[in-house]
Amino acid sequence: MIKKGFTLFFMKSISRRKGRIAIASVSVTLAIAIITGMIGITAGIQEKLGSELKAYGANIMVSPAEGEYLEYAMTERISQIADVDSVSGQILDRAMMNRESVEIIGLDTGSLKERGWKIEGSWPEKQGEILAGVNLRDALKLKTGSRITLGAGGGNSDYTVKGFIERGGAEDSSFIMS
């Protein structure tokens, strides 16, 4: 008898408050959808962040004192340190092109293929091939296959532009060679 009375009371209560019940139902459904979405987003964010940072590049830069240089063997010693994922050496210099100073970055272009850098064209594979940053491409009106002459150290060298690189950093305004 009590059960029948409660059911009757409950049904009358629901029939008198249809709008409130609909709003409550929609609110609960929306809250569940938001919570489910947040769980889905946060579950993969650490992995995504790690892969983005790895693609971005160096977290620590080791530089010699001014006028000095680091032995290439130093990269092997650094790579053996705990929690170091990868090490790559770079040589930074400037050269002259059409009476303008341009930055040159020398590095192991073969190791860059695995880092997910955005490249248009192809990677340099032979001596005399070079990558150009997208800012240089636009400023100098370069195309894939363009021949350029860079002067450094009292001499000039000719290069063929194999592709263009975009990273959002200094590389965008530099030439990159192996």
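Thresholds, definitions, all that
- Going along each chain's sequence as written, the residues are numbered from 1 onward.
- The model is predicted, so local features are restricted to residues of pLDDT at least 70 and side-chain atom pairs to those at 80 or more, both for listing and for counting; the totals for chains, interfaces and linings are taken over all residues.
- Only hydrogens and water are set aside when side-chain values are computed; all heavy atoms of the structure are taken into account.
- Each patch is built from residues lacking any salt bridge and having more than 30% relative accessible area; the joining distance is 9 Å for like charges and 5 Å for nonpolar side chains (Val, Leu, Ile, Met, Phe, Trp, Tyr).
- Note on areas: Shrake-Rupley with a 1.4 Å probe; residue coverage comes only from the protein chains shown.
- Whenever Lys or Arg places a side-chain nitrogen within 4 Å of a carboxyl oxygen from Asp or Glu, that contact is recorded as a salt bridge.
- When charges are counted, Lys and Arg contribute as positive and Asp and Glu as negative, whereas His and the chain ends are disregarded.
- Every charge is mapped to an atom, namely NZ of Lys, CZ of Arg, CG of Asp or CD of Glu.
- Throughout, exposure labels follow a simple rule: accessible area from a 1.4 Å probe, protein chains only, divided by the maximum for the residue type, with under 20% read as buried, over 50% as exposed, and the rest as partly exposed.
- Being paired, for any two strands, means DSSP has found at least two bridges between them.
- Under the DSSP-based scheme used, a helix requires at least four consecutive residues in state H or I and a strand at least two consecutive residues in state E, with every element numbered from the N terminus.
- By convention a nonpolar core is built from buried Ala, Val, Leu, Ile, Met, Phe, Trp, Tyr and Cys residues, the set being connected through side-chain atoms within 4.5 Å.
- In this description, contact between two residues means that some pair of their heavy atoms is separated by no more than 4.5 Å.

**Q** Looking at this model, I keep getting lost on a positive patch on the surface. Mind explaining?
**A** Together, Lys12, Arg16, Arg17 and Arg20 make up a region of like positive charge exposed at the surface. Owing to a relative accessible area of 44%, Lys12 belongs among the partly exposed residues under this scheme.

**Q** Would you explain the pairing of strand S2 (residues 100–107) in this entry?
**A** A regular strand carries its side chains on alternate faces of the sheet. Looking at chain direction, strand S1 (residues 90–97) and S2 are connected through eight bridges and run antiparallel. Directly across from Met96, in S2, lies its bridge partner Ser101. For S2 and strand S7 (residues 174–177), the ladder comprises four bridges, and the chain directions are parallel. By the bridge assignment, Glu103 is partnered in S7 with Ser174.

**Q** I'm lost on the pattern of salt bridges in this one. Help?
**A** Think of it this way: side chains of opposite charge can pair up when their charged atoms draw near. Applying the stated rule across the entire model yields four salt bridges. The residue Lys162 makes a salt bridge to Glu129 at a minimum N-O spacing of 3.8 Å. With Lys162 in strand S6 (residues 155–166) and Glu129 in strand S4 (residues 129–133), this pair connects stretches of sequence that are 33 residues apart. The class for Lys162 is partly exposed, based on a relative accessible area of 24%. Classification of Glu129 by relative accessible area gives buried; the value is 11%. The residue Arg137 makes a salt bridge to Asp138 at a minimum N-O spacing of 3.0 Å. Given a relative accessible area of 47%, Asp138 falls into the partly exposed group. Sharing partners across several salt bridges, the network here consists of Glu120, Arg137 and Asp138.

**Q** What exactly am I supposed to notice about the nonpolar core here?
**A** Proteins that are soluble and globular tend to have nonpolar side chains buried together. Counting residues in hydrophobic clusters, the biggest one holds 16 residues, and the most contacted among them are Val102, Ile130, Ile148, Leu150 and Phe175. If you list the elements that add at least two residues to this core, you get S1, S2, S4, helix H5 (134–140), strand S5 (147–152), S6 and S7. If one sorts the elements of this core by residue count, S6 sits on top with three residues. For Ile130, the contacting residues outside a window of four places in its chain are Pro124, Ile148, Leu150, Tyr159, Thr160, Val161, Lys162, Gly163, Phe175, Ile176 and Met177.

**Q** When you look at the pairing of S5 in this model, what are you seeing that I'm missing?
**A** As defined by bridge partners, S5 adjoins S6 across six bridges and the pair is classed as antiparallel. Counted as the bridge partner of Ala152 is Gly155 from S6. Count of turn residues in the S5/S6 antiparallel hairpin: two residues, of which Gly153 carries a positive phi of about 65 degrees.

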